[in-house]
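Coordinate analysis (summary)
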Amino acid sequence: MQITMTVNGVSHTRDVEARLLLIHFLRDELRLTGSHWGCDTSNCGACVVWLDETPVKSCTVLAAMADGRRVRTVEDLARGGRLDPVQQGFAECHGLQCGFCTPGMMMTARWLLDHHPDPSVAEIREALSGQLCRCTGYENIVRSVRWASEHEAAQPAGGDGGTGRQAGER
Amino acid sequence: MSAAPDPALDGAYGPVRRKEDARFLRGQGTFVDDIQRPGMLHGAILRSPLAHARIVSVDTAAAEAHPRVRAVITGELLERRKLAWMPTLSRDVQAVLATDKVRFQGQEVAFVVAEDRYSARDALELIQVEYEPLPVVVDATRALDEGAPLIRDDVAGQRDNHIFDWAAGDRAATDAAFAAADVVVTQDMLYPRSHPAPLETCGAVAEMDPVSGKLTVWATTQAPHAHRTLYALIAGLPEHKIRIVSPDIGGGFGNKVPVYPGYLCAVVGTMITGQPVKWVEDRSENLMSTTFARDYHMHGEIAATRDGRILALRARVLADHGAFNGSAQPSKYPAGFFHIFTGSYDLQAAHCEVTGVYTNKAPGGVAYSCSFRIAEGVYLVERMVDLLAAELGLDPAELRMRNLLRPEQFPYTCPTGWEYDSGDYPRALQVAMDLAGYPELRREQEERRARGEYMGIGLSFFTEGVGAGPRKDMDILGLGMADGADLRIYPTGAAVLSISCQTQGQGHETTFAQIIAHELGLSPDDVEVVHGDTDRTPFGLGTYGSRSTPVSGAAAVVVARKVRERARVVAAAMLEAAPEDLEWARGRWQVRGDPEQGRTMAEIAMAAHSSLELPDGVEGHLDAETVYNPPNLTYPYGAYICVVDVDPGTGAVALRRFIAVDDCGVRINPMIVEGQVHGGLADGVGMALMQVITYDQDGNCLGGSFMDYLLPTSLECPSWELGETVTPCPHHPIGAKGVGESATVGSPVAVVNAVVDALRPLGLRHADMPLTPASVWSALQGRPVRADLAL
Ligand code: FES
Ligand code: FES
């Protein structure tokens, strides 16, 4: 079947099998290999991308279901050569080791901060709880997201900059 | 954290941000499944649904007729090429594709090569295999029973499921110490089967160049050089025609040490089709067929005086190795380093016996984030010490303090022969107790108990032996465990270090750059680290058992110091001084007593490549290479304290706090060290509370997906509280000891000790991992269950 979707702002039209998973479409067809695949059961979240504005596990979505929709992957996080604050936070706080879970973690974190600019540690842990990391024990991932939150608040990217910042809150 | 240190003044150690992050953060890493070669085909493995069965027939006709299938490989085909069996790391053999029988559920039976991923999977369904089911043994404690099904009838002379008996220590001295003891405490315990489950599964892309005959294998391997040698031996290929590339690796934890049948199938696939072949397993395949860890059935005995002096320790172990003995460790130790089980205490005597058996379960086992079975040894001794404390009515911290080795006893030879290098154990325990607020915690526990609440405080103190290892003592299949390093200095002073170990997330590209920068007065940014490609790096045994910093790290220091000495001669010629009159200070060579007269490494490097006249016999250039053969293991250690709250009604355990004080000697990059500890703690908590690979009586693996094999998430993990002490390693050139696995080794038993401590008022003495609500509850009812069996 023929599908058309906009991935990271670029429109792609392809003939695909109806059963093709979105993760394989992105990785094998479009060669966007930043999104990973880590399980057969929708448990790990290594494959998280945005479908329109919502994070989804792309191993659990058919490419055909993204027909006519927008997809955003980790390759689109940095804009104009500038890293997203979430990416900067992961680098600053050592939020990644092997880097395999990282794209999925960052896509969820970006969504969280877009909707909750100043999440508590508990809220961050809740938001990431559908994704596995085998290397970091999660602590530095949580700190990375807090770092991004605090730096976005300090340097608002257009919005009101957020209020009620609770630096260092645990 | 502070700005990057000034290398000239401070050296290059410190929390330097990681170089490798730049690509991972942008989704630009190159993992095995990201590799795409022109004309690449895709492989998939047909696996046995049965745990034990004779293969009557394999019919591949329909699969071969599939329009997108290019080859179907069976055991029979491999047998004709003498490739149906491969050696394991423990001098056993393992079937690549089954020929006679299948011996565990998930065993490899056939390999399909097709034009795309999905077609390869489709074709698996078209293969008809007729099996004749055989009786199954999944419980190691029944494996040696009279009449138990014989699993390894392929091995000449094998009449039962026995693999080995092995012992260490002094039996007579241990018996005497037990006979003289006031108190003896015994306990049976199981360290259940676990799986390392790195987030990236195992896979390979194999490509044979038909013209040059060169085979390149990009594979998820923690030991590329050792794999190259193994491929040469298994496939009979000339070793210089094999290149193994370990690209970015999504976690290893021991899982990626062995050579797996899928890698070899990809190699055979490219040889047959003449095109590159990719094989990447799915998660169920990873959990069901690649090597597990632990599965040790242990009986412990501890002897002490009435006033709390520990005298001796005894252990008997039944080790379940699954259907093939694929255990990965130095060859002369069939139970790995388990016999370091005397732990951190000053004992008179110790003795342990280990018996290994075959069962109809996946083969193994690997050191899952531990140095070869030390996790099992630490678990045993730390449970026994807690049981002894309860028996004597002593606080477990107090009992440990009384018996820990004292600083003046180092170097210390333990009763089973390991020579511990250095340590100040009481101080580490004290730092942990201070961080935890130990007396207050005990007071709080009293108050809660009075209110009918079940709070527990668990301690553990571990000693690891890592950095395998001295050539005189150990090898793997005849390969000595030394590591090479090769350092080039370009004319502008930029450096390229090639090392034989390989990162799976440990941050070698940063840490090793810091080592070189520190030694040569450079910035870490000036140092490129090359690793993971056998064509570009010197031989060495790879990254596992926390050996990178102890062995390869030492090699990097030694090679940098060689370069520095070569630079001294050149600098002397530049300064028109005698080499003996120069001193290395502030990251440069300068004339002793005249710091104005100095040359940096960049200046020296340019001169070394110039027309500067050098003394006779000096070659010019600064490049050097070395092989580091460690004189001893290194012995990192630590003190951990865990605080839990348990609901005895449901058996649910809530992890409230975890305090970890590690001493891994000198820390090159403390940020990375702490990250390693965090990850290990999560792993340990997972093993203690949820991770177990369970089998039913027919040998069906019940832990074959992340729905059943539970791993800790951000919700189960607390905010780790870390502390440190630094006791340099006396025999490592910069005093570092290695840390990657300390936390996985030390943490599970702290959790178990905490849960048992919480429930002691209800009479609980021991419960086996994983402490799921169901198993805690059953233990409380006095009817403990075996979480590893669903019978
Ligand atoms: S690959 Fe694991 S959730 Fe998608
Ligand atoms: S960094 Fe390795 S899985 Fe998260």
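Residues numbered from 1 in each chain as written. Chains lettered and ligands numbered in written order. Predicted model: local features only at pLDDT ≥ 70, side-chain atom pairs only at ≥ 80, totals over all residues. Heavy atoms only, no water.

1. A closer look at the sheet that holds strand β1 (residues 2-7) of chain A
Residues and elements named next belong to chain A. Strand order in the open sheet formed by 5 strands is β2-β1-β5-β3-β4, with mixed pairing between adjacent strands. Two strands close off the open sheet at either side, each with one partner strand: β2 (10-15) and β4 (54-57). For this sheet, the mean inter-axis angle between neighbouring strands, taken without regard to orientation, is 35°. Relative to strand β5 (residues 70-72), strand β3 (residues 48-51) runs antiparallel, the two being bridged by 2 bridges. By the bridge assignment for β5, L51 is matched with V71. The strands touched by helix α1 (residues 22-29) within the sheet are β1, β2, β3 and β5, with β1 carrying the most contacts at an inclination of about 75°. Sheet contacts for helix α3 (residues 102-115): β3, β4 and β5; angle to β3, the most-contacted strand, approximately 45°. (Pairing = 2+ DSSP bridges. Helix = DSSP H or I, 4+ residues; strand = E, 2+ residues; numbered from the N terminus. Axes fitted to C-alpha atoms, helices over the stretch in contact; angles between N-to-C directions. Contact = heavy atoms within 4.5 Å.)

2. Quick look at the environment of V378 of chain B
Residues and elements named next belong to chain B. You can see V378 is positioned in helix α10 (residues 374-392). Residues V378 and G746 lie 368 residues apart in sequence; the distance between their C-alpha atoms is 7.0 Å. When residues no more than four places from it in sequence are discounted, the contact partners of V378 are F462, T463 and V745.

3. Focus on the side chain of R228 of chain B
Residue and element names in this part refer to chain B. Position of R228 relative to the elements: it lies in helix α7 (residues 224-235). Look at R228 and you get buried, because its relative accessible area is 15%. A distance of 3.0 Å separates the side chain of R228 from the side chain of E239, its partner in a polar contact. The residues contacting R228, other than those within four sequence positions of it, are E239, I242, I244, T534 and F539. (Buried < 20%, exposed > 50% of the residue type's maximum accessible area, 1.4 Å probe, protein only. Polar contact = N/O pair within 3.5 Å; in protein donor to acceptor, adjacent residues only side chain to side chain.)

4. A short note on unusual backbone geometry
All names here are of chain B. That bond from F410 to P411 is cis: its omega, -5°, falls within 30 degrees of zero. Counting through the fold element by element, P411 comes out in the loop between α11 (396-403) and β18 (412-413). The residue after A468, namely G469, is reached through a cis peptide bond having omega -25°. Here G469 lies in the loop between β20 (454-463) and β21 (475-476).

5. Concerning the interface of chain A and chain B
Chain A puts 49 residues into the contact, and the matching count from chain B is 56 residues. Together chain A and chain B conceal approximately 4400 Å² of surface at their shared face, both sides included; 54% is due to carbon and sulfur atoms. Put simply, chain A and chain B have 6 salt bridges between them. Note that D122 of chain B and R19 of chain A form a salt bridge whose closest N and O atoms lie 2.7 Å from each other. Counting every contact that joins chain A to chain B gives 26 residue pairs in polar contact (both at pLDDT 80 or more). For the side of chain A that touches chain B, the elements supplying multiple residues, two or more each, are α1, α2 (85-92), α3, α4 (121-127) and α5 (139-154) of chain A. The element best represented in the side of chain A that touches chain B is α2 of chain A, accounting for 4 residues. Classifying every residue of the side of chain A that touches chain B gives 19 nonpolar, 16 polar and 14 charged. (Buried area = accessible area lost by both parts, 1.4 Å probe. Salt bridge = Lys/Arg side-chain N within 4 Å of Asp/Glu carboxyl O. Nonpolar A, V, L, I, M, F, W, Y, C, P; charged D, E, K, R; others polar.)

6. Quick notes on the packing of α10 of chain B against helix α18 (residues 742-759) of chain B
All names here are of chain B. Where α10 contacts α18, the two axes come as close as 8 Å, and the packing angle between them is 30°. By the angle class used here, α10 and α18 are roughly parallel. Considering how the two elements wind past one another, α10 and α18 form a crossing that is right-handed. In this structure, α10 contributes I374, A375, V378, Y379, E382, R383 and D386 to the contact, and α18 contributes V745, V749, V752, N753 and V756. Considered class by class, the residues forming the contact of α10 with α18 number 8 nonpolar, 1 polar and 3 charged. (Parallel < 35°, antiparallel > 145°, perpendicular 65-115°, else oblique. Left-handed = near helix turned anticlockwise from the far one by under 90°.)

7. Points about the pairing of strand β30 (residues 637-647) of chain B
Residues and elements named next belong to chain B. Burial analysis of β30 places 9 of its 11 residues in the buried class, which makes it a mostly covered element. With 10 bridges connecting them, β20 and β30 associate as antiparallel partners. Paired with L459 across the two strands is I641, which belongs to β30. Between the antiparallel neighbours β30 and strand β31 (residues 652-663) lie 4 residues, among them G651 with a positive phi of about 80°.

8. Description of the domain arrangement of chain A
Residue and element names in this part refer to chain A. When its domains are assigned, chain A resolves into domain 1 (2-74) and domain 2 (85-153). At the interface, 17 residues of domain 1 touch 14 residues of domain 2. In this assembly, domain 1 packs against domain 2 so that about 1200 Å² is buried in total across both faces, 66% of it on carbon and sulfur atoms. Summed over the three residues of domain 1 that lose the most area to domain 2, namely H36, W50 and V74, the buried surface amounts to 39% of that side. Here domain 1 and domain 2 share 0 salt bridges between them. Scanning the region where domain 1 abuts domain 2 turns up 6 residue pairs in polar contact (both at pLDDT 80 or more). Those elements that provide at least two residues to the side of domain 1 that touches domain 2 are β3 and β4. Looking at which element gives the most residues to the side of domain 1 that touches domain 2, the answer is β4, with 3 residues. (Domains from an automatic or database assignment.)

9. Quick notes on the environment of D533 of chain B
Residues and elements named next belong to chain B. In this fold, D533 is placed in the loop between β25 (527-530) and α15 (548-575). Residue classification places D533 among the buried residues on the basis of a relative accessible area of 6%. It is 8.3 Å that separates the C-alpha atoms of D533 and H225, two residues lying 308 residues apart in sequence. Setting aside residues up to four positions removed in sequence, D533 forms contacts with R243, I244 and V245.

10. As for the packing of helix α14 (residues 508-520) of chain B against α15 of chain B
Residues and elements named next belong to chain B. At a closest axis distance of 9 Å, the pairing of α14 and α15 adopts a crossing angle of 35°. As for how α14 packs across α15, the hand of that crossing is right-handed. Residues H508, F512, I515, I516, E519 and L520 of α14 form the contact with α15, whose own contacting residues are S548, S552, G553, A556, V557, A560, R561, V563 and R564.

11. Quick word on helix α6 (residues 171-180) of chain B
All names here are of chain B. Among the residues making up α6, those that are buried are T174, A177 and F178. Buried residues in α6, looked at end-on, bunch into an arc of 100°, giving them a common side. Away from its buried face, by an angle of more than 90 degrees, α6 presents the exposed residues A172, A179 and A180. Among the structural elements, β10 (183-191), β15 (296-304), β16 (310-320) and β17 (349-357) are those in contact with the buried residues of α6. Two or three places before A172, at the start of α6, stands the capping residue D170, its side-chain oxygen 3.1 Å from that residue's backbone nitrogen. (Arc of directions from axis to C-beta.)

12. Quick look at the sheet that holds strand β13 (residues 242-245) of chain B
Residue and element names in this part refer to chain B. Across the sheet, which stays open at both edges, the 7 strands sit in the order β3-β7-β1-β14-β11-β12-β13 with mixed pairing between neighbours. The open sheet is flanked by β3 (69-74) and β13, the only strands paired with a single partner. Adjacent strand axes in the sheet meet at a mean angle of 20°, parallel and antiparallel pairs treated alike. Alignment of strand β11 (residues 203-208) against strand β14 (residues 277-280), held across 4 bridges, turns out to be antiparallel. When the bridges of β14 are listed, G203 appears paired with V280. The strands touched by helix α8 (residues 261-273) within the sheet are β1 (41-47), β3, β7 (108-114), β11, β12 (215-219) and β14, with β11 carrying the most contacts at an inclination of about 25°.

13. Description of the nonpolar core
By size, the foremost hydrophobic cluster in this structure holds 215 residues, and its most contacted members are F338, Y420, F658 and F706 of chain B. At 12 residues, the largest contribution of residues to this core is made by α10 of chain B. Here this core spans two domains, and each of domain 1 (2-74) and domain 2 (85-153) of chain A adds at least three residues to it. Those residues in contact with F706 of chain B that sit more than four places away from it in its chain are G38, C39, T41, N43, C44 and L132 of chain A together with A197, L199, R283, L287 and L711 of chain B. One finds L497, A571, M601 and L622 of chain B within the second-largest nonpolar core, a separate group that totals 45 residues. (Core = buried A, V, L, I, M, F, W, Y, C linked by side-chain atoms within 4.5 Å.)

14. Here's the deal with the confidence of the model for chain B
Residue and element names in this part refer to chain B. Chain-level statistics for chain B give a pLDDT mean of 95 and a share of 99% at 70 or above. Per-residue pLDDT stays below 50 along residues 1-5; that stretch engages in 7 contacts with residues further than four places along the chain or on separate chains. Interface confidence in the predicted complex, given as ipTM, is 0.96; pTM for the same model is 0.96. (pLDDT = per-residue confidence, 0-100.)

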